[in-house]
Structure formats: structure tokens, C-alpha cells
Number of protein chains: 2
Amino acid sequence: MRSVHVELGERSYPIYIGSGLLPQAAAYLIKHGLSVKSPHLVVTDDKVAPYHLETLKSSLQAAGFRLVISIVKSGEGSKSLSVFENVMTDAIQGGLDRNSSVIALGGGVVGDLAGFVAATYMRGISFIQMPTTILAHDSSVGGKVAVNHLLAKNMIGAFHQPEFVLYDLDTLTTLPPREVSAGLAEMVKHGLIKDEAFAYWCKDHAGELLALDLDALGYGLERGVSIKADVVSQDEREGGLRAILNLGHTIGHAIEAVGGYGEFLHGEAISIGMAGSALLAEALGRKKGIYAETIAMLTALNLPVILPEHLDEDDLMEAMMHDKKFKEGTMVFVVPDSIGSVSIVKDIPQQLVRDILKQLRKGGEAHV
Amino acid sequence: MRSVHVELGERSYPIYIGSGLLPQAAAYLIKHGLSVKSPHLVVTDDKVAPYHLETLKSSLQAAGFRLVISIVKSGEGSKSLSVFENVMTDAIQGGLDRNSSVIALGGGVVGDLAGFVAATYMRGISFIQMPTTILAHDSSVGGKVAVNHLLAKNMIGAFHQPEFVLYDLDTLTTLPPREVSAGLAEMVKHGLIKDEAFAYWCKDHAGELLALDLDALGYGLERGVSIKADVVSQDEREGGLRAILNLGHTIGHAIEAVGGYGEFLHGEAISIGMAGSALLAEALGRKKGIYAETIAMLTALNLPVILPEHLDEDDLMEAMMHDKKFKEGTMVFVVPDSIGSVSIVKDIPQQLVRDILKQLRKGGEAHV
Ligand SMILES: NC(=O)c1ccc[n+]([C@@H]2O[C@H](COP(=O)([O-])OP(=O)(O)OC[C@H]3O[C@@H](n4cnc5c(N)ncnc54)[C@H](O)[C@@H]3O)[C@@H](O)[C@H]2O)c1
Ligand SMILES: NC(=O)c1ccc[n+]([C@@H]2O[C@H](COP(=O)([O-])OP(=O)(O)OC[C@H]3O[C@@H](n4cnc5c(N)ncnc54)[C@H](O)[C@@H]3O)[C@@H](O)[C@H]2O)c1
Ligand SMILES: [Zn+2]
Ligand SMILES: [Zn+2]
């Protein structure tokens, strides 16, 4: 079992990563002082529940924990205020009190939704994450929790750190292959922003990662969460540094928005976005070869790197201008300096971004 | 102009109390470093807006602030997730960014709702309170913000401290008399829990307070917020001490719930609740005369002290058992030791509470 400590002063917490952890969930709740007198709310989705809910329930109930179960529909649509309200209803009817906790068993959707419930139920109770996707290694560090507004993603949320994260690698075996690749996009992103060796390691071990080899996965997730934890420790409330985590996300979010959420998985969209950031880096005169290296890594993980024709340039530009990362109208991008290092660049001309989008459609053809 | 400092470390903030402050609102926003580049959201209700919105708008717009206005319906019904969502829509469409703030112009309802918007919009932006009721002197200290769930009041919320509070006494002149008395209930409560002299001062100056005399009101609100600030500074997240602020609230909340919110104003309900707590104090052998002194103070402020017949005892008991103040089924009450001092008493027998409710219907007749 691997364990990563997320250092956030009195809000610090551990992430346990390993095989066979879910059947021992009760031991972790007890270790962290959770009450057997108060009921606990398990939030999961209808794709995860058939595979993994019983394992969690058996462990917790055998130890005398009382559970309230709330199963939401799989998919981004569950990160809505109306589903949030339903989960709140379950929590209230189940009699959750201030000593209760909310346990998220699922991917980033369940984590963000359940975390926002934990952050706001009676003005905040304990939160425990049990991620079941690779992508959720990202969302399990940093305490960002949120639901979407019809007009904008993640617009309604809070910062609420978990008590601990229990990452059972065995749950990942039931994940569809596209979801595996999408999750690996955030993993390699963590390399690209802060750790050159790790970025290359992801490429070199792409086969094992895609095959869910336990050793490779355990190491990759440990490095991924460590890098993110490092950034978050230095900037819990997203004052500055934390913005580097948004590599590929400005274009990525625009692709998700214009594609109508559903066409692209988040990891796929940011993969194209990271390819775009690499093109931008070269256009700004950063180290040659960043683009070629970046797309080699992404394609090794079966990720897309080309912007499809049917996503209109004006629509993408408009979506980016609405992106919350832009204060007062200026355009800001996370730009690679080299593999493993990035900077925040302000005042990128809109025309340059349009050029990059054009190149990105052709797989970077025009970039030299 | 009076000013009270609420000490909460880096979340400390001032409360400015005085006459003629709203027309100078812009100066306070500038003093507190709010951006003229980002839009600010003013949340108010349809009873307050006709009287006071124009004053605020004129001041802010003259100084170059851009405003987005969201007017909700007057009343507790606006503390709902659906109104919350509408206000969020206004915020997004108005282009609020991370440097924007949410300004609450109104009573406790507007304050709690707008505060929860500020706490969760983009995971938290600045919040400014401009209270227009006496009761809101209570809600403007402590950072508790919330909306109601259909099944329970204040169930969905956060702790989010304001940047500052601007309390213009002139706005109180348009307040209906019942609202004046209801607000004074929380004022005298602050005396009853921590300041004997202030509790008697409230009684002795009841006439001036009810007539909204500026000097009396200014002093009363300054003392009220100071006492609350004192308690909150020592216990920001409601770990223990802060519970003394709930004097009268256990019975009070039950009265509001069973009366169906609307029959009693919050201040009226807790007035009856405080009379009940005084009866409980005497039943537990505390200082004789607490009940008589307490109801003398409350009735001087035109507040009710008798529990009406039509509120069923079983319904009230059930509502109390659901009250979030009860951890794991035990009953806890804030009980006066004497005027100006209270303790938290755990494990109060349910039968005793039933006896108190019976006495409370008869104006305490049976209590000797
Ligand atoms: N809070 C943060 O810091 C943060 C960071 C990154 C992403 N996110 C959010 O995370 C979400 C995306 O996360 P995600 O990709 O995990 O999405 P997800 O939770 O929707 O999971 C992806 C899909 O896989 C299914 N699934 C999950 N675990 C499974 C398993 N073990 N076996 C079979 N199927 C399984 C789900 O039902 C869903 O259909 C987005 O909403 C994004 O905004 C948040
Ligand atoms: N956050 C906290 O710590 C805290 C503490 C106490 C109460 N509260 C909450 O506060 C709310 C009650 O506060 P309230 O009594 O101020 O309620 P309110 O905001 O509903 O105001 C009472 C009534 O007076 C009207 N009004 C307000 N200002 C006016 C003015 N200047 N002139 C004319 N009419 C005016 C309102 O439209 C409303 O009809 C409850 O929801 C309660 O839960 C919160
Ligand atoms: Zn991401
Ligand atoms: Zn109150």
C-alpha cells in the first residue's frame, strides 16, 4: 500500500493507494475516528454501484456503521443543483448529523457532487473520497468540489478537503478503456507541468498503464497525486501557482462546451488542449520540439490530439472568453517552457489563439 | 458613526453602524479595495428595493461601480435552492468574476441567501452586508449563511465572513413595527446570555428602541453585535461556546416549524422560547425570579411570551427532536443561570420539556 500526505496545515490528509483497500474500508473509517453512532451517506452512481457498492457496504456494515445510500445517474448531468437537492433530501431523511460523513464512491462526478453536499450539509461535515476512476486522482487532491450551473461548469462550489482518500486500484478494472485513457491524460499532465522524468515514464509505461498493471498504476497515481498535492499545498485557494494545473484546460473546456459535453470526455478534451498549448509554446519561441514530444506522449496513451473540423472556431473563441480563468477580459494561458515545466502567460493576443486552433485541426502541420 | 471589530484572525472585519451611511456606500467599497472593473451583484427583496435600492445604486454608480441587481420576493420562501439558482443565473449572466462581490441589501433572509451565493459562486467571492432590519444585527455577525431545504431550515449552507458590514440606521425607519419588535428579541437575547446590564438597559430603553430613536438604536445594535462578535471570535465554527447563542431557539424553531413559518416571526418565536428557557431554569433550581424578569423584558419590547393553544405538544416535541442541535438523540438546552449568564445543559428529560411547554401555554402560571 502506498500513501501520499497532502500537506494543508490542519486540513492535511492522507491518500491511501493500493489493491484490496475497499474490502477494508471500515478499518480506515475507524482509524480516522468516524462515529459508529451517526449514519454516513454513501454517494455513488448507477454504473459504479453494481460493481463496487456491495464491497463497501459489507465492510462498513460488518463493523457496525449505519449507512444511507444515494445512487445518482452516471454522467456529468448529475453535477446539477437538482441532483444535489435530491442527495440532500436523502441525507436529511437518513438523519445525518454533524458527526456524520459523506463518502463518495465513484469518479470525479460523484466526488465533486458528494463533496459539495459534504461542504454544505449543516454548513459542512466530513468528506471521504473513494475514487473509482483514474481521472479522479486529480479531483481527489485539492478540495475543489462543485456542481454545474446550466450556463457554466463548476460554477457553484466550495473548497472542502476530505478526511482521507481511499484509492482501491481493483475498482479500476471495470473502467471502460476510453475512461482509462481519459484519466491518464491528467496523469501525464502532472508530468508535463512539473516533472519531466515522470512525463517520459508515462509514455514509456503506456502499455502497462493502459492494461491497468497494478504496479504501474500504483506508481503513476502516487506520482500524479504527489505532484498535484505539492502544487495545492503551496496555493490552497488558487491564488496563483495552482493555475499551472490548468495546462490544456482553457482550450479543453472550450472543446467540451462547444462539443456539448458528451462528445468528448474531459481527459480527451484536455489532451487536445495540451497539444494546443504545446503549439502555442512553439509559436511563442519556447524550446523546439515540445509539440512533437507532447503528442507522442498523448498518442501513446490513446488520446486524441487533433481538433475536429466540426467545432467552430468562433464558438471555441467565445467559449474561451467566457472561461472563468479570464479576469476582466484578458486571455491567459498556461504555456510549456519545456517538457516538465510551464509558465502562466498573460495577454496572449486573440489572433494567435485563432492561429493555434487552425494548426490544431491539422495536427500541427502548419506550425513550423 | 460607531464601529465594531469582529476578530477572526485573517477573516476579521468591521461593522459600521450609523445614520446616513448608505448614501456613502461607494466610499466604503473603495476603502475595502473593491474593484471598479468587475461587476458587483446587489441582492435585495421586493419590499426593501422600493425604499432603499436607489440610494445604494446612486452612490455606487456615481463612483463608477458596475452593478448587477437581483431582486427576490420578500420572505423566508426566498431562502430556497430555486431562488438561489436564479440569483446564480443573474450573477453569471452579469459576468461576475473572482474580483466581484455580492452585496446583501436587506434583512436576514437576503443576507443568508446572498451570503450563500457569495460563498459558492466560483467557490467563493467577497461578501458585503448592508442590513435593513434590526434582526439582521444578529445575522451580520458570525458568517453563517444558508438556504432552507423543504424538510429543514438552514440545512444547506456555509461559513463565509463578510468583508465588512454597513449598517445604516436610517433604513430601519421603514420597518413594520412587528419586525422592529422581532429584531429586538435577538438584541435582548444578547443581553440575557452575556450581559446583565445590557439586558436591563434594553428593558429600560424599550420605548426609545421601539420608536427607533437613533441614539438608543445605535447603542443597542453596537452592544448586540459586540456580544455576538465576542462569542463568535472564540468559536468560529460552532464547536461549543457558540451554542449559547441558541438561547430560546430550540423551542423557538419548533414553534416556527409547527406554526408553518409565517404565523410567527423568528424573533417572536424565540421570545416565547426564551420565556420557556427561563421556566426550565427555575424548574432546574436556578435563581428564582428569572422567569418574571425575562418576561418583563420581553413584554416591554412588545414581544409574545405565551405558547398558543393550537400548537400541538406532540408536534412541538417531534420538531425539537429533529432540531439539528441534538446529536444522537439526546436533548440539549441553553438554560439561564441568572439574567446575563447561561449554560448548556445536556440530557434534559423529555418529560420535563413537556411540562415546560404546558406551563408556557399558561404564561408560566403553574411554575411555582
Ligand atoms: N474537483 C476537482 O479538482 C476536479 C478535477 C478534475 C476533474 N473534476 C471533475 O471530474 C469529473 C470527471 O471525472 P471522471 O472522469 O471520473 O467522471 P465520472 O465520475 O463521470 O466517471 C466516468 C464514467 O465512468 C463510470 N465509472 C466510474 N468508475 C467506474 C468503474 N470503476 N467501473 C466502471 N465504470 C465506472 C462513471 O459512471 C462514468 O460513466 C468532471 O465533472 C470534472 O469537472 C474535478
Ligand atoms: N445567519 C445568521 O446567523 C442568522 C441569524 C439570525 C437569523 N437569521 C435568518 O434571518 C432571517 C430573518 O431575518 P429578518 O427578520 O431580517 O427577515 P427578512 O429579511 O425576511 O426581513 C423581514 C421583513 O421585513 C422586510 N424588510 C426588511 N428590511 C426592511 C426595511 N428596511 N423596510 C421595510 N421592510 C423591510 C422584508 O422584506 C421582510 O418582509 C431568517 O431566515 C433567519 O434564519 C440568520
Ligand atoms: Zn482536468
Ligand atoms: Zn435567531
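These numbers were taken from a predicted model, which means no experiment stands behind them.

(A) Geometry of the site of ligand 2. All names here are of chain B. Neighbouring ligand 2 are 26 residues, the closest being Glu76, Gly108, Thr132, Thr133 and Thr174. The separation between a nitrogen atom of ligand 2 and a polar side-chain atom of Asp112 is 2.9 Å. Between ligand 2 and the protein, one listed contact pairs a nitrogen atom with a side-chain N or O atom of Thr174 at 2.7 Å. Taking 850 Å² as the accessible area of ligand 2 by itself, protein coverage stands at 91%. Broken down by secondary-structure element, the contributors of at least two residues to the shell around ligand 2 are helix 2 (49–62), helix 4 (108–120), helix 5 (136–139) and strand 8 (152–159). The leading source of residues in the shell around ligand 2 is helix 4, at 3 residues. Taken together, the residues of the shell around ligand 2 break down into 6 nonpolar, 10 polar and 10 charged.

(B) Region of the structure containing the coordination of the zinc ion (ligand 4). Residues and elements named next belong to chain B. Protein ligation of the zinc ion (ligand 4) involves Glu186 (OE), His249 (NE2) and His266 (NE2), the donor distances falling in the range 1.9 to 2.1 Å. If you list the donors of the zinc ion (ligand 4) from N- to C-terminus, the spacing comes out as E-x62-H-x16-H. Of the two residues, Glu186 is situated in helix 6 (residues 177–194) and His266 in helix 11 (residues 266–283); the sequence distance between them amounts to 80 residues. The same class applies to Glu186 as to His266, namely buried.

(C) How the structure looks around the packing of helix 10 (residues 249–259) of chain B against helix 13 (residues 313–322) of chain B. All names here are of chain B. In the contact formed by helix 10 and helix 13, the axes pass within 8 Å of each other and the chain directions differ by 120 degrees. Considering the angle they form, helix 10 stands oblique to helix 13. In the crossing of helix 10 with helix 13, the sense of the turn from one axis to the other is right-handed. Across from Thr250, Ile251, Ala254, Ile255, Ala257 and Val258 in helix 10, the residues of helix 13 making contact are Asp315, Leu316, Ala319 and Met320. In terms of residue class, the contact of helix 10 with helix 13 is built from 8 nonpolar, 1 polar and 1 charged.

(D) Focus on the relation of the copies chain B and chain A. The transform that puts chain B on chain A rotates by 180 degrees and translates by 0.0 Å along the axis, for an RMSD of 0.0 Å. Such values leave the two copies arranged in the relation of a two-fold axis. Residue B:Leu81 of chain B places its C-alpha closer to the rotation axis than any other residue of that unit, at 3.9 Å. Comparing interface residues between copies, 100% of those in chain B also lie at the interface in chain A; the contact surface is shared.

(E) Structural view of helix 4 (residues 108–120) of chain A. Residues and elements named next belong to chain A. The end-to-end C-alpha separation of helix 4 is 18 Å, in line with the 18 Å expected for 13 residues at 1.5 Å each. The element helix 4 is largely enclosed, with a buried count of 13 among its 13 residues. A positive phi of about 50 degrees marks Met122, the residue just after helix 4.

(F) The coordination of the zinc ion (ligand 3), seen in detail. All names here are of chain A. Glu186 (OE), His249 (NE2) and His266 (NE2) make up the full set of protein donors to the zinc ion (ligand 3), lying at 1.9 to 2.1 Å. Between the donor residues of the zinc ion (ligand 3), the gaps in sequence give the motif E-x62-H-x16-H. With His249 in helix 10 (residues 249–259) and His266 in helix 11 (residues 266–283), this pair connects stretches of sequence that are 17 residues apart. The residues His249 and His266 share a single accessibility class, namely buried.

(G) Highlighting the sheet that holds strand 1 (residues 2–6) of chain A. Residue and element names in this part refer to chain A. Spatially, 1-2-9-6-5-3-4 is the arrangement adopted by the 7 strands of the open sheet, whose pairing is mixed. Either end of the sheet is taken by a strand with one partner, and the two such strands are strand 1 and strand 4 (67–72). With strand direction ignored, the average angle separating the axes of adjacent strands in the sheet is 15 degrees. Examined bridge by bridge, strand 1 and strand 2 (residues 13–18) share 5 bridges and lie antiparallel to one another. Bridge pairing links Val4 to Ile15 in strand 2. Along the sheet face, helix 4 touches strand 3 (40–45), strand 4, strand 5 (101–106) and strand 6 (126–131) and points at about 170 degrees away from the line of strand 5.

(H) Geometry of the packing of aromatic side chains. All names here are of chain A. Taken as a whole and judged by the stated rule, the model has 14 aromatic pairs over all chains. Look at Phe198 and Tyr219: their rings are 6.2 Å apart centre to centre, the planes differ by 75 degrees, and that puts the pair in the edge-to-face class. A residue pair is termed long-range when its members are at least 10 positions apart, and Phe198 in helix 7 (residues 196–204) and Tyr219 in helix 9 (residues 214–234) qualify at 21 residues. Residue classification places Phe198 among the buried residues on the basis of a relative accessible area of 2%. The partly exposed category is assigned to Tyr219, whose relative accessible area is 31%. Consider the rings of Trp201 and Tyr219, whose centres lie 4.8 Å apart with planes at 65 degrees: the pair is edge-to-face.

(I) Spotlight on the interface of chain B and chain A. Between chain B and chain A, the residue contacts involve 35 residues of the former and 35 residues of the latter. Linking chain B with chain A are 8 residue pairs in polar contact (both at pLDDT 80 or more), by the criterion used here. With 7 residues, the single largest contributor to the side of chain B that touches chain A is helix 3 (residues 81–93) of chain B. Across the side of chain B that touches chain A, the residue classes break down as 15 nonpolar, 9 polar and 11 charged.

(J) Inspection of the environment of B:Met88 at higher detail. Looking at where B:Met88 falls in the secondary structure, it is placed in helix 3. As a C-alpha pair, B:Met88 and B:Val117 span 29 residues in sequence and 6.8 Å in three-dimensional space. Non-local contacts of B:Met88, meaning those with residues more than four positions away in its chain, are made with A:His149, A:Ile156, B:Val117, B:Thr120 and B:Tyr121.

(K) Quick look at the confidence of the model for chain A. Predicted confidence across chain A gives a mean pLDDT of 94, with 97% of residues reaching 70 or more. Reported for the predicted complex are a pTM of 0.94 and an ipTM of 0.92.

(L) Molecular detail of the pattern of salt bridges. Residue and element names in this part refer to chain B. Here the structure, examined in full by the defined rule, presents 30 salt bridges over all chains. Here Asp138 makes a salt bridge to Lys228, at a shortest N to O gap of 2.8 Å. You can see Asp138 sitting in helix 5 and its partner Lys228 sitting in helix 9 (residues 214–234), a full 90 residues away along the chain. Across this residue pair, the class does not change: Asp138 and Lys228 are buried.

Basis of the calculations
- Residues numbered from 1 in each chain as written.
- Chains lettered and ligands numbered in written order.
- Predicted model: local features only at pLDDT ≥ 70, side-chain atom pairs only at ≥ 80, totals over all residues.
- Heavy atoms only, no water.
- Near = heavy atom within 4 Å.
- Polar contact = N/O pair within 3.5 Å; in protein donor to acceptor, adjacent residues only side chain to side chain.
- Areas by Shrake-Rupley, 256 points an atom, 1.4 Å probe, with all protein chains shown as cover.
- Helix = DSSP H or I, 4+ residues; strand = E, 2+ residues; numbered from the N terminus.
- Nonpolar A, V, L, I, M, F, W, Y, C, P; charged D, E, K, R; others polar.
- Donors = N, O, S within 2.8 Å, 3.2 Å for Na, K, Ca; no water.
- Buried < 20%, exposed > 50% of the residue type's maximum accessible area, 1.4 Å probe, protein only.
- Axes fitted to C-alpha atoms, helices over the stretch in contact; angles between N-to-C directions.
- Parallel < 35°, antiparallel > 145°, perpendicular 65-115°, else oblique.
- Left-handed = near helix turned anticlockwise from the far one by under 90°.
- Contact = heavy atoms within 4.5 Å.
- Least-squares fit on C-alpha atoms with pLDDT ≥ 70 in both.
- Expected span 1.5 Å × (residues − 1).
- Pairing = 2+ DSSP bridges.
- Phe/Tyr/Trp six-rings, centres within 6.5 Å; stacked < 30°, edge-to-face > 60°.
- pLDDT = per-residue confidence, 0-100.
- Salt bridge = Lys/Arg side-chain N within 4 Å of Asp/Glu carboxyl O.

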